[in-house]
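# Observations on the three-dimensional arrangement
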Amino acid sequence: MVSTLSLDAINTLAAMILLADFMLVASSRMRSLTRIFALQSLAMGGLAAVVAFETGAEHIYVIAVLSVALKAVVIPRFIDYITEKIQVNREVEPLIKIPGSLLICAAITILAYFVTEPIMELGTAITSNCLAISFATVLIGMFLMVSRKKAITQVIGLLVVENGVFLAAISTTYSMPMVVELGVFFDIFVGVVIMGIFAFRINRTFETVDSTVLRRLKD
Amino acid sequence: MLTSLVQTLLILALSPLFTGLIRKLKAYFQGRQGASVLQPYWDLAKLFHKDSVVSQDASWIMTATPYVCMTAVIAASFMVPFITTSSLGFVGDLIVVVYLFGMMRFFMALAGLDAGSSFGGMGSSREMTVSAIVEPTILLSVFTMALISGTTDLSGMSQSLATTGFDLVRPALFLALAAFFISTLAENARVPVDNPSTHLELTMIHEAMVLEHSGKHLALMEWSSMTKLLLYLVIMANIFLPWGIDTDLTVLGLATGTVAIILKLLVFSLAIALVESSMAKMRLFRLPNLLTVSFSLSLLAVISYYIL
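Because the structure is predicted, anything quoted here is derived from the model rather than measured.

### Some details on the overall build of chain B
On a plain count of helices and strands, chain B comes out with 11 helices and zero strands. Going residue by residue from the N terminus, the α and β elements of chain B occur as α-α-α-α-α-α-α-α-α-α-α. For a compact globule of 308 residues, the expected C-alpha radius of gyration is about 19 Å, and chain B comes in at 19 Å, within 12% of that figure. C-alpha extents for chain B along the principal axes are approximately 55 × 45 × 40 Å.

The following block contains the structure:
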């Protein structure tokens, strides 16, 4: 039987993840973006640990630790390092203003709830009600990617999408098999490194990381 | 009936004290000695001894507004549980309270326009811009508490949360509390939104609207604003964190209720003073950012109530 304490912990962490989504959308500084992302990953790791504790599946502990180490420590630091290195200015530069973005994200969350509600009713997992939040996280991550100008903010959007997928896997099936998760982590890590280098190169070539400028062809 | 009368009188009598307390705490954080905590009482007493001057172009709205504002806050304080939750809520619920404040704001904005001075109109338009986002935020965040406790009656909400212990605590509660706190700052002309102690034309919202009032009218306006601030703090203390409030009208219960509410109000005053001393006033054009953040917090509170 699931203890109410774990259920409360799961609910609180899930609410924190959703809150972090909105904070990401609301923040206007690059620094706070990475910090909030680290916080969200920390909550994600905590949630995975609680699930591991409740189900007794040991491989989830490993995944939780890896998730915290990689997404809450290594990747945010790396992104901070890149931003510092390429001397990009610290404003986020959204294409859609922040109040508008927040309202769109609120609409996205409600949409995610209505889309996942029939599935959540069928779910038997203790975390099944996190599915709506994971769906919202994926969609808000995508929204971050399309509505922010800088290449680095788009990387963060992609990472948020990955967090959402991770949460979806945990909340429906108590996470994917170990091999798959490890593969995903590796993929994300390499992806971020490559994108970091890309951002660096883009900055060197075009003297900006504003992705709207990249549309113009250059000889 | 008697208890709500006593509570209303208490709220009206104590409201200048808490305004004075916040000013004193702010002065302390800024390294000043500051005026006495009782200074707002002296200010009100002085204003009540003076005559009101009303512009000859002003209509009846100008003279009616102070009384409308005062009546609105008195009526609202009848419905808000202060020390005890019992024998209250005989006339209205949270929606009435929110719209009593709405009526107060409406008349203040009208009076700002009525006198015909340019500052008054500016203040009115700004106040309405701010309240367009703040009002739904307040409704949504209090609705979250209504969902959690299963009633829209303010004292009923307070009672059901206080008596069931911590079982009803959900993430939604804290999201709604955060949203309500930001709205409290915005509604009561506190620092990130408005500066309560300035008369600089470009920055003021609330002060611009009451600029044309004087004497007894000004005293009523000031007193109703102070009472409104205290009412918001009391709602925050007793609806969102009602533990300790008296529910059965015993001597022991009333004693703990009094101590609990005083402690909670002290903490909130400290929080407001801290926010006011550590933050700068926001530019008017950046305000929608903060206000939509608080709006989406309250929306999130409602959503997370349904999801989780």
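### Side note on a nonpolar patch on the surface
Residues and elements named next belong to chain A. A contiguous nonpolar surface patch, about 610 Å² in accessible area, is contributed by V73, V74, F186, F189, V190, I194 and F198. Breaking the nonpolar patch down by element, the ones donating at least two residues are α3 (58–85) and α7 (178–206). Looking at the nonpolar patch, the element that brings in the most residues is α7, giving five residues. As for its placement among the helices and strands, F189 is situated in helix α7.

### Details of unusual backbone geometry
Residue and element names in this part refer to chain B. Even without a glycine there, the phi angle at A189 is positive, about 55°. Following the sequence through the fold, A189 ends up in the loop between α7 (171–187) and α8 (206–209). On the basis of relative accessibility, which here comes to 7%, the residue A189 falls in the buried class.

### Brief notes about the pattern of salt bridges
All names here are of chain B. Scanning the entire structure with this criterion turns up nine salt bridges over all chains. The salt bridge partner of D51 is K216, with a shortest N-O separation of 3.7 Å. Placement of D51 in the loop between α2 (39–48) and α3 (60–79) and of K216 in helix α9 (residues 215–240) is noted, with a sequence separation of 165 residues between them. The class of K216 is partly exposed, set by a relative accessible area of 33%. Residues joined in a network through salt bridges with shared partners are R105, E135, E187 and K228.

### Notes on the interface of chain A and chain B
At the interface, 19 residues of chain A touch 15 residues of chain B. Regarding the contact of chain A and chain B, the summed buried area is about 1,500 Å², with carbon and sulfur atoms giving 84% of it. Sorting the residues of chain A by area buried against chain B places A:L19, A:P99 and A:Y113 first, and these three jointly supply 26% of that buried surface. At the surface where chain A touches chain B, the tally comes to zero salt bridges.

### Some points on the side chain of A:S6
Residues and elements named next belong to chain A. Position of S6 relative to the elements: it lies in helix α1 (residues 4–26). Overall, the relative accessible area of 6% leaves S6 in the buried class. A distance of 2.5 Å separates a polar atom in the side chain of S6 from a polar atom in the side chain of E54. Excluding residues within four positions of it along the chain, S6 makes contact with V50 and E54.

### Digging into helix α6 (residues 154–163) of chain B
All names here are of chain B. Along α6, seven of the 10 residues are buried, which leaves the element largely enclosed by surrounding structure. Within α6, the full set of buried residues consists of L154, S155, M157, S158, S160, L161 and A162. The elements touched by buried residues of α6 are α3, α4 (94–114), α5 (118–149), α7 and α9.

### Points about the packing of aromatic side chains
All names here are of chain B. Tallied over the entire structure, the rule returns nine aromatic pairs over all chains. On the basis of an interplanar angle of 25° and a centroid distance of 5.0 Å, the ring pair of F101 and Y232 is categorised as stacked. On the criterion of sequence distance, the pair formed by F101 in helix α4 and Y232 in helix α9 is long-range, its members being 131 residues apart. According to the relative accessible area criterion, F101 is buried, its value standing at 3%. An aromatic cluster of three or more residues is present, and its members are F101, F180, Y232 and F240.

### As for the confidence of the model for chain A
Here chain A averages 83 in pLDDT, while 93% of its residues score no lower than 70. By mean pLDDT, the top-scoring element of chain A is helix α5 (residues 131–147) of chain A (91), and the lowest-scoring one is α7(A) (81).

### Some words on the packing of α1(A) against helix α4 (residues 98–122) of chain A
Relative orientation and spacing of two packed helices are given, respectively, by the angle between their axes and the distance between those axes. Residue and element names in this part refer to chain A. Taken N-terminus to C-terminus, the directions of α1 and α4 make an angle of 155°; their axes are 9 Å apart at the nearest point. Classed by the angle they form, the pair α1 and α4 counts as roughly antiparallel. The hand of the α1/α4 crossing is right-handed. Judged by residue contacts, L18, F22, V25 and A26 of α1 engage I98, S101, L102, C105, A106 and T109 from α4. Residue composition of the contact of α1 with α4, by class: eight nonpolar, two polar and no charged.

### Section: the packing of α3(B) against α9(B)
Residues and elements named next belong to chain B. In the contact formed by α3 and α9, the axes pass within 9 Å of each other and the chain directions differ by 25°. It follows that α3 is roughly parallel to α9 by the angle criterion. The element α3 and its partner α9 pack so that their crossing is left-handed. Here T63, T65, P66, Y67, C69, M70, V73, A76 and S77 of α3 lie close against α9, whose contacting residues are H217, L220, M221, W223, S224, T227, K228 and L231. Residue composition of the contact of α3 with α9, grouped by class: 10 nonpolar, six polar and one charged.

### Re the environment of A:T116
All names here are of chain A. By the element assignment, T116 lies in helix α4. We classify T116 as buried; its relative accessible area is 1%. With 18 residues separating them along the chain, T116 and S134 place their C-alpha atoms 9.8 Å apart. Sequence-distant contacts of T116, that is, excluding residues within four places in its chain, are made with L131, A132 and F135. Among the polar contacts made by the side chain of T116, one reaches the main-chain carbonyl oxygen of A112 at a distance of 2.7 Å.

### Digging into the side chain of A:T137
Residue and element names in this part refer to chain A. Along the chain, T137 falls in helix α5. T137 sits in the buried class, given a relative accessible area of 0%. A distance of 2.9 Å separates polar atoms of two side chains, one belonging to T137 and the other to D21. Those residues within four positions of T137 in sequence are excluded, and the remaining contacts are I17, D21, Q40, V160 and G164.

Thresholds, definitions, all that
Residues numbered from 1 in each chain as written. Chains lettered and ligands numbered in written order. Predicted model: local features only at pLDDT ≥ 70, side-chain atom pairs only at ≥ 80, totals over all residues. Heavy atoms only, no water. Helix = DSSP H or I, 4+ residues; strand = E, 2+ residues; numbered from the N terminus. Rg over C-alpha atoms; globule rule 2.2 N^0.38 Å. Patch = residues over 30% accessible without salt bridge, like charges linked within 9 Å, V, L, I, M, F, W, Y side chains within 5 Å. Areas by Shrake-Rupley, 256 points an atom, 1.4 Å probe, with all protein chains shown as cover. Salt bridge = Lys/Arg side-chain N within 4 Å of Asp/Glu carboxyl O. Buried < 20%, exposed > 50% of the residue type's maximum accessible area, 1.4 Å probe, protein only. Contact = heavy atoms within 4.5 Å. Buried area = accessible area lost by both parts, 1.4 Å probe. Polar contact = N/O pair within 3.5 Å; in protein donor to acceptor, adjacent residues only side chain to side chain. Phe/Tyr/Trp six-rings, centres within 6.5 Å; stacked < 30°, edge-to-face > 60°. pLDDT = per-residue confidence, 0-100. Axes fitted to C-alpha atoms, helices over the stretch in contact; angles between N-to-C directions. Parallel < 35°, antiparallel > 145°, perpendicular 65-115°, else oblique. Left-handed = near helix turned anticlockwise from the far one by under 90°. Nonpolar A, V, L, I, M, F, W, Y, C, P; charged D, E, K, R; others polar.

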